[in-house]
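Here are the chains, one letter per residue:
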Amino acid sequence: MTAEDQPLLRVRGLEKVFPVKKGIMRRTVAQVRAVDGVSFDVGKGEILGLVGESGSGKSTTGRLILRLIEPTAGSVELEGQDVRALRGEELRKTRRDMQMVFQDPYSSLDPLATVADVVGEPFQVHFKMTRKERDNKVVELLEQVGMGSHHLRRFPAAFSGGQRQRIAVARALALEPKLIIADEPVSALDMSTQSQVVNLLLDLQERLGVAFLFIAHDLSIVHHASRRIAVMYLGAIVEVGDAEEVYARPRHPYSEALISAIPVPDPQAERDRTRIVLKGDPPSPLNPPSGCRYHTRCAYAMEICNTVDPEPTPTVNGGTVSCHLHTSGPMLNGRPISQSLRNTSG
Amino acid sequence: MTDVTPPGDPAPLLSVTDLSVGFKGHTETVTVVDHVSFSLRAGETLGIVGESGSGKTVSSLALLGLLPASARVTGSAKFDGRELVGMPPRKLRDVRGNDISVIFQEPMTSLDPAFTVGNQLSEAYRNHRGGSRRKALDRAAEMLRLVGIPEPQRRLGEYPHSFSGGMRQRVMIAMALICSPKLLIADEPTTALDVTIQSQILELLKSLQAELGMAMIFVTHDLGVVASVCDAVSVMYAGQVIEESPIDEFFSHPLHPYSAGLLDSMPQSVAKGERLRMIAGTVPPPSRFPVGCRFHPRCKYVVEACTTTPPELDSVEGDRKVRCIRHAELTLEVAK
Ligand SMILES: Nc1ncnc2c1ncn2[C@@H]1O[C@H](COP(=O)(O)OP(=O)(O)OP(=O)(O)O)[C@@H](O)[C@H]1O
Ligand SMILES: Nc1ncnc2c1ncn2[C@@H]1O[C@H](COP(=O)(O)OP(=O)(O)O)[C@@H](O)[C@H]1O
Ligand code: SF4
Ligand code: SF4
Ligand SMILES: [Mg+2]
Ligand SMILES: [Mg+2]
């Protein structure tokens, strides 16, 4: 493979098992398979959206990529370098290339540090810079995220949620990363502020060529901002593909349900639509279902789904779907559910 | 409008007029809800939307007499012929259990972890309706079934922590509905939930409403949710109602520049990948509400007069209201 078509980030078979401990002896009484065999690529300068229900393993995936926690199995490569094999200086360099922005702008910033400290800290850690040099850099970064230099000596408490999220983004940008993992960067923000932050991410991707793993549960925003979308359910990616394909013509029954659940701001469309109301609750990751992990809630479940875990089937443009509908039963072979099942399932 | 009450029915179930709430600070009283008015009829759902801090929760708590002692509440809230503002706490508690129920945003804090779900549901029923424990437990099981919890009899004996977030929210709904209220106030009941669970709960509330004929006030900041459950919407900005409209009119041609800005900032109003439209600036805190029109520092239609004259909430087109001095001359387009 040449350097040209090599993806920026390559994740293969990523797994994380957390022990569940109980009692004063902290004995391990069970195991949570939070991430259970996740594989995907992020291209250079690409925005990949990662969506799924609460507890499906999105944040854990992000933290594994950054090695904030150690994977149980699997590999993470940044520009062909196995991140898990790196040590010392090389690990530090790779860490600079990947940064994270967290969901909650209210708790992710140190309340006692000024904007200059928060945004400038990475310079202090990675380079020996004078305070003056650092401040100049911080002002540049604040400008990148649309904030004036007069904010330099102010504390996080003085800022609105959207401004704090900008500060967090400025800090993530400090070391000129190639990839930013943004974990629900707009979920805690108000409607009018959400669009400000989404626009900022789009600008940075365009101007600086930064790639993003954009984790969110709001599918309409993810669809809008991302080139491709990966859908997670109970620790696994069940479908990945071109954003428009996944959104408009989902191949996996769970993607279909997830998309049909989004309320749209159009009363007539809301009256006309048929919603797929999922039965039951998400199963516990302590005790995931056998076979296809979605079979307990799937409207299309067949005999085989109870026992056999479906393998990925290619869809279009390099997308994949993991569902038996594509390989047995109706044999969709990667085609959208809507086109192929309309006549058979009503 | 739903078909429960014919449009134009002269007697609203709830009519709120000039409701204001101030909180006593160290030096002065800060008014956070300022002359809020709205009304709704039986069987109808009113959405209250607005950004965080705009006064949605304080308005609904004020109706129920649930604000702390530091709050000063004035104005009127007539419910089914009775005045709620200034009603003695004991009588108000009666109204709250029997005729008006509330669902709050965070389900775990609203259920008592020390008692079984069956205990809490049946006590809620007995407190207001009396009767035997046996009968109350039967009613509780019936409610759990109605909100879609499998094996309700067995579940009655379990504690809240063994329910998932979505199920706890359904238990809260069962609790709120067990006395068949005439009015349900739901304050962001689905904001903390996943979209799939949110859609279960919205469908559930709609079908229960059709079955029981109750009115709902739905506090939310999600315009998609408004389009899906409400008949009319009241938009709040900086403690004031700035527009009240039936939803079809609201979504097709909003009257207030702030409403138009909110609709415009949704991803649906631009092509995929394009920059989203934004309302510049941020919502000011109550101690710094601007003079004149409170929205003027962020409004793209601002003129000199807006910075000095506070606009009134004017009635237009029969059943719509708007607080903007330029509403008659502005035509606000919303992209589709
Ligand atoms: N340190 C930990 N110890 C034990 N279990 C954990 C730990 N961290 C996460 N989990 C479990 O792993 C699963 C995945 O969690 P994760 O935070 O990745 O979900 P998520 O998809 O980001 O959800 P959300 O949308 O709520 O943020 C959950 O069941 C969670 O409870
Ligand atoms: N107990 C209180 N004391 C003082 N101020 C309060 C109190 N409760 C709410 N407020 C203030 O009132 C305003 C409106 O709050 P709220 O109604 O909760 O907004 P929202 O529209 O987000 O529900 C906010 O500025 C909030 O800080
Ligand atoms: S494999 Fe079977 S149960 Fe799983 S999503 Fe496909 S049809 Fe549904
Ligand atoms: S009164 Fe003036 S500033 Fe306020 S919304 Fe109307 S045009 Fe805008
Ligand atoms: Mg998470
Ligand atoms: Mg609130």
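Here, the structure is the one placed above.
Residues numbered from 1 in each chain as written. Chains lettered and ligands numbered in written order. Predicted model: local features only at pLDDT ≥ 70, side-chain atom pairs only at ≥ 80, totals over all residues. Heavy atoms only, no water.

(A) Expanded view of the sheet that holds strand S1 (residues 14-24) of chain B. Residues and elements named next belong to chain B. A sheet is described by the order of its strands in space; here four strands give the open sequence S2-S1-S4-S5, paired in antiparallel fashion. Only two strands of the sheet have a single neighbouring strand rather than two, namely strand S2 (29-40) and strand S5 (82-83). The pairing of S1 with S2 spans eight bridges and is antiparallel. Along S2, the bridge assignment pairs Val16 with Phe38. The strands touched by helix H1 (residues 56-64) are S1, S2 and strand S4 (71-79); relative to S1, the strand with the most contacts, the crossing angle is about 110°. (Pairing = 2+ DSSP bridges. Helix = DSSP H or I, 4+ residues; strand = E, 2+ residues; numbered from the N terminus. Contact = heavy atoms within 4.5 Å. Axes fitted to C-alpha atoms, helices over the stretch in contact; angles between N-to-C directions.)

(B) Region of the structure containing the packing of aromatic side chains. What the rule picks out here adds up to seven aromatic pairs over all chains. Measuring from ring centre to ring centre gives 4.7 Å for Tyr233 of chain A and Tyr254 of chain A, while their planes differ by 55°; the resulting arrangement is tilted. Separated by 21 residues along the polypeptide, Tyr233 of chain A in strand S9 (residues 228-233) and Tyr254 of chain A in helix H9 (residues 253-260) bring together distant segments of the chain. The exposure class assigned to Tyr254 of chain A is buried, which follows from its relative accessible area of 0%. With 5.2 Å between their ring centres and 70° between their planes, Tyr258 of chain B and Phe295 of chain B make a pair best called edge-to-face. With a gap of 37 residues between them, Tyr258 of chain B in helix H11 (residues 257-264) and Phe295 of chain B in the loop between H11 and strand S11 (314-316) connect regions that are remote in the sequence. Relative accessible area serves as the criterion here: at 0%, Tyr258 of chain B is assigned to the buried category. Grouped by ring-pair contacts, the aromatic residues Tyr233, Tyr254 and Tyr294 of chain A constitute a single cluster. Sitting over the ring of Phe159 of chain A, Arg154 of chain A keeps its end group 4.7 Å from the ring centre. The ring of Phe163 of chain B has Arg155 of chain B sitting right over it, with the charged end atom 4.6 Å from the ring centre. (Phe/Tyr/Trp six-rings, centres within 6.5 Å; stacked < 30°, edge-to-face > 60°. Buried < 20%, exposed > 50% of the residue type's maximum accessible area, 1.4 Å probe, protein only. Lys NZ or Arg CZ within 6 Å of the ring centre and 35° of its normal.)

(C) Main features of the site of ligand 3. Around ligand 3 sit 13 residues, and of these Cys292, Cys298, Cys305, Cys323 and His324 of chain A come closest. Tallied by class, the residues present in the shell around ligand 3 amount to 10 nonpolar, three polar and no charged. (Near = heavy atom within 4 Å. Nonpolar A, V, L, I, M, F, W, Y, C, P; charged D, E, K, R; others polar.)

(D) Molecular detail of the interface of chain A and chain B. Chain A puts 40 residues into the contact, and the matching count from chain B is 44 residues. Regarding the contact of chain A and chain B, the summed buried area is about 3,500 Å², with carbon and sulfur atoms giving 56% of it. Area buried by chain A at its contact with chain B is led by Met191, His224 and Pro265 of chain A, which between them contribute 21% of it. Two residues, Arg271 of chain A and Asp248 of chain B, come together in a salt bridge whose shortest N-O distance is 2.6 Å. Taken together, chain A and chain B are joined by 13 residue pairs in polar contact (both at pLDDT 80 or more). Listed by contribution, the elements that provide at least two residues to the side of chain A that touches chain B are helix H6 (191-208), helix H7 (219-225), helix H8 (243-248) and helix H10 (267-272) of chain A. Looking at which element gives the most residues to the side of chain A that touches chain B, the answer is H6 of chain A, with 10 residues. When the residues that make up the side of chain A that touches chain B are grouped by side-chain class, the tally is 15 nonpolar, 13 polar and 12 charged. (Buried area = accessible area lost by both parts, 1.4 Å probe. Salt bridge = Lys/Arg side-chain N within 4 Å of Asp/Glu carboxyl O. Polar contact = N/O pair within 3.5 Å; in protein donor to acceptor, adjacent residues only side chain to side chain.)

(E) Fine view of the site of ligand 1. All names here are of chain A. With respect to spatial proximity, the complete set of residues near ligand 1 consists of Phe18, Ala34, Glu53, Ser54, Gly55, Ser56, Gly57, Lys58, Ser59, Thr60, Glu184 and Pro285. Here an oxygen atom of ligand 1 and a backbone polar atom of Gly57 are 2.9 Å apart. Within the side chain of Thr60, one N or O atom sits 2.5 Å away from an oxygen atom of ligand 1. Bound to the protein, ligand 1 loses 66% of the 640 Å² it would expose on its own. Considering every element that reaches the shell around ligand 1, the biggest residue donor is helix H1 (residues 58-65), with three residues. Its residues assigned to classes, the shell around ligand 1 shows three nonpolar, six polar and three charged. (Areas by Shrake-Rupley, 256 points an atom, 1.4 Å probe, with all protein chains shown as cover.)

(F) Local environment of the pattern of salt bridges. Throughout the structure, instances matching the rule amount to 39 salt bridges over all chains. Residue Lys178 of chain A pairs with Glu79 of chain A through a salt bridge whose shortest N-O separation is 3.1 Å. A residue pair is termed long-range when its members are at least 10 positions apart, and Lys178 of chain A in the loop between helix H5 (161-173) and strand S7 (179-183) and Glu79 of chain A in the loop between strand S4 (73-78) and strand S5 (81-82) qualify at 99 residues. For Glu79 of chain A, a relative accessible area of 30% translates into the label partly exposed. In this structure, the salt-bridge partner of Asp99 of chain B is Lys182 of chain B, at a minimum N-O distance of 3.7 Å. With a gap of 83 residues between them, Asp99 of chain B in the loop between helix H2 (89-98) and strand S6 (100-103) and Lys182 of chain B in the loop between helix H7 (165-177) and strand S7 (183-187) connect regions that are remote in the sequence. According to the relative accessible area criterion, Asp99 of chain B is buried, its value standing at 13%. Taken together, the shared-partner salt bridges connect Glu15, Arg33, Asp36, Arg293 and Asp309 of chain A into one network.

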